[in-house]
Amino acid sequence: MNTALKITAFTAGLATVFGASYGIGHATGGPPDDAARPSAAHAGHESGSPSPSSPAARGTAEPLPGGLQISDRGYTLSLDDPYETAGARTDLRFRILGADGEPVTSYRTEHGKELHLIVAPRDLSTFQHLHPTRAADGTWSASAALPAAGEYRVFADFTPAGASQNLTLGADLHAAGALRPSPPAVTGRTVTVDGYRVTLTGDLTPGRATRLTLAVTKNGKPVTDLQPYLGSYGHLVALRAGDLAYLHVHPDGEPGDGRTPSGPDIAFTTAAPSRGTYRLFLDFRHGGTVRTAAFTLSATGTEPAAGPSTPSSAAPSPEHGGAHKH
């Protein structure tokens with residue numbers, strides 16, 4: 001993804017993601033260097049709105065979502081232990097294996113990090129954007145929260161050194177315990193997190209790139225001094241309910257480009273690959289703290305002639321669970 005948004009983005013072409021009045025987000029403190037460090041261009045992603053003649057404008061830039069495969073283009077996401085116990089934090093350890101079966105030890109830096117890790121349960125009730133650390137032997141580790149029993153999806157978003165395109169690989173993580181499944185939370189167009197109100201305008205349309213704008217206010221006043229986070233004033237992740245397909249979401253502009261204000265509006269351009277329910281998770285930084293606002297949005301309209309089938313209805317949604325992302 002070019003200019004800011006990644007955690008985006010997963011695999012070679014995805015689209016957008018999703019709490020609500022019931023819960024909206026989880027305040028997390030991002031590492032201090034995230035605010036000051038300029039973003040690196042994310043391979044295969046462009047900032048700003050697509051031109052009318054571009055593939056994105058024609059609805060063909062991102063025909064397929066990412067994160068649905070554990071292996072792609074010779075690379076494999078290998079979890080050390082995919083079986084954990086719910087209710088406590090766990091040390092997730094994993095490797096990215098190359099075509100030769102050996103761990104990858106060299107990566108391109110994207111949005112200030114070599115790899116972005118997303119962890120979400122199948123019901124999309126929580127969301128964590130983590131930045132794991134890598135040992136010299138290629139083993140990655142990150143502390144993750146598994147608040148409830150169930151099936152989780154782990155997404156690794158990265159670009160190996162020398163590769164021309166970003167990849168997003170996904171693997172299942174099983175958390176043992178008492179399971180209480182529920183559908184995704186229903187949210188309106190405005191959610192509240194830690195006293196901040198975030199309002200979403202715009203719609204998802206299958207097969208066509210559209211703009212989503214999120215406006216941040218506090219105490220009834222527009223927030224005009226948002227702080228950069230991973231090279232953007234906001235980071236948006238979109239996941240499709242049902243199969244947790246990971247979508248690419250492109251920020252419109254970036255801090256310091258002379259045309260992008262530091263709030264209250266944060267704009268993104270994305271395309272939904274199919275009809276269905278999507279969860280959108282917006283990370284934004286203000287006052288030195290990263291917070292996450294979550295929305296549930298339906299994509300309606302005409303689907304592309306050929307594309308992924310519409311997923312079955314999704315699962316539940318309580319609230320964001322851990323640190324964040326990319």
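In case you missed it, the structure is sitting above this.
What counts, and where the lines are drawn
Residues numbered from 1 in each chain as written. Predicted model: local features only at pLDDT ≥ 70, side-chain atom pairs only at ≥ 80, totals over all residues. Heavy atoms only, no water. Buried < 20%, exposed > 50% of the residue type's maximum accessible area, 1.4 Å probe, protein only. Helix = DSSP H or I, 4+ residues; strand = E, 2+ residues; numbered from the N terminus. Pairing = 2+ DSSP bridges. Core = buried A, V, L, I, M, F, W, Y, C linked by side-chain atoms within 4.5 Å. Salt bridge = Lys/Arg side-chain N within 4 Å of Asp/Glu carboxyl O. Axes fitted to C-alpha atoms, helices over the stretch in contact; angles between N-to-C directions. Phe/Tyr/Trp six-rings, centres within 6.5 Å; stacked < 30°, edge-to-face > 60°.

1. With respect to the pairing of strand β9 (residues 150-158)
Thinking step 1. Counting buried residues along β9, 8 of its 9 residues qualify, which places the element largely inside the surrounding structure.
Thinking step 2. Here strand β5 (residues 115-121) pairs with β9 via 7 bridges, running antiparallel. Along β9, the bridge assignment pairs H116 with D157.
Thinking step 3. Pairing of β9 with strand β10 (residues 167-176) involves 9 bridges; the strand directions are antiparallel. Each residue of the ladder has a partner; that of R153, found in β10, is D172.

2. As for the nonpolar core
Thinking step 1. Ranked by size, the top nonpolar core spans 27 residues in total, and within it V198, L214, L236, L280, L282, F284 and F295 carry the most contacts.
Thinking step 2. Every element with two or more residues in this core is listed here: β11 (190-193), β12 (196-201), β13 (209-218), β15 (235-240), β18 (265-271), β19 (276-286) and β20 (289-299).
Thinking step 3. With 24 residues, the next largest nonpolar core counts V119, L130, A142 and V154 among its residues.

3. Structural notes on the pattern of salt bridges
Thinking step 1. One pass over the full model with this rule turns up 12 salt bridges.
Thinking step 2. Each of the salt bridges in this network shares a partner with another, and the network as a whole consists of D80, R93 and R95.

4. Some thoughts on the sheet that holds β5
Thinking step 1. Strand order in the open sheet formed by 5 strands is β3-β10-β9-β5-β6, with mixed pairing between adjacent strands. Both edges of this open sheet fall to β3 (83-85) and β6 (128-130), since each of them pairs with a single strand only. Along the sheet, successive strands turn relative to each other by an average axial angle of 30 degrees, direction set aside.
Thinking step 2. Pairing between β3 and β10: 3 bridges, direction parallel. Residue pairing in the sheet places T85 in a bridge with A176 of β10.

5. A look at unusual backbone geometry
Glycine aside, a negative phi is what most residues show, and trans is what most peptide bonds show.
Thinking step 1. Of the consecutive residues G263 and P264, the connecting peptide bond is found in the cis state with omega at 0 degrees.
Thinking step 2. Inspection of the secondary structure assignment puts P264 in the loop between β17 (249-251) and β18.
Thinking step 3. Positive phi, close to 50 degrees, is recorded for R73, a residue that is not glycine.
Thinking step 4. On the secondary structure map, R73 appears in the loop between β1 (71-72) and β2 (75-79).
Thinking step 5. Phi at L244 is positive, roughly 60 degrees, even though this residue is not glycine.
Thinking step 6. Positionally, L244 belongs in the loop between β15 and β16 (246-247).
Thinking step 7. Using a relative accessible area of 0% as the deciding quantity, one classes L244 as buried.

6. Let's talk about the packing of aromatic side chains
Thinking step 1. One pass over the structure, following the stated rule, counts 7 aromatic pairs.
Thinking step 2. Centre to centre, the rings of Y75 and F158 are 6.5 Å apart; their planes meet at 75 degrees, and the pair counts as edge-to-face. With Y75 in strand β2 and F158 in strand β9, the pair connects residues that are 83 residues apart, well separated along the chain.
Thinking step 3. When the centroid spacing of 5.6 Å and the interplanar angle of 70 degrees are considered together, the rings of Y196 and F284 count as edge-to-face. With Y196 in strand β12 and F284 in strand β19, this residue pair connects regions lying 88 residues apart in the sequence. Across the pair, exposure class does not vary: Y196 and F284 are buried alike.
Thinking step 4. Counting every residue linked through ring pairs, the aromatic cluster contains Y75, F94, Y107, W140 and F158.

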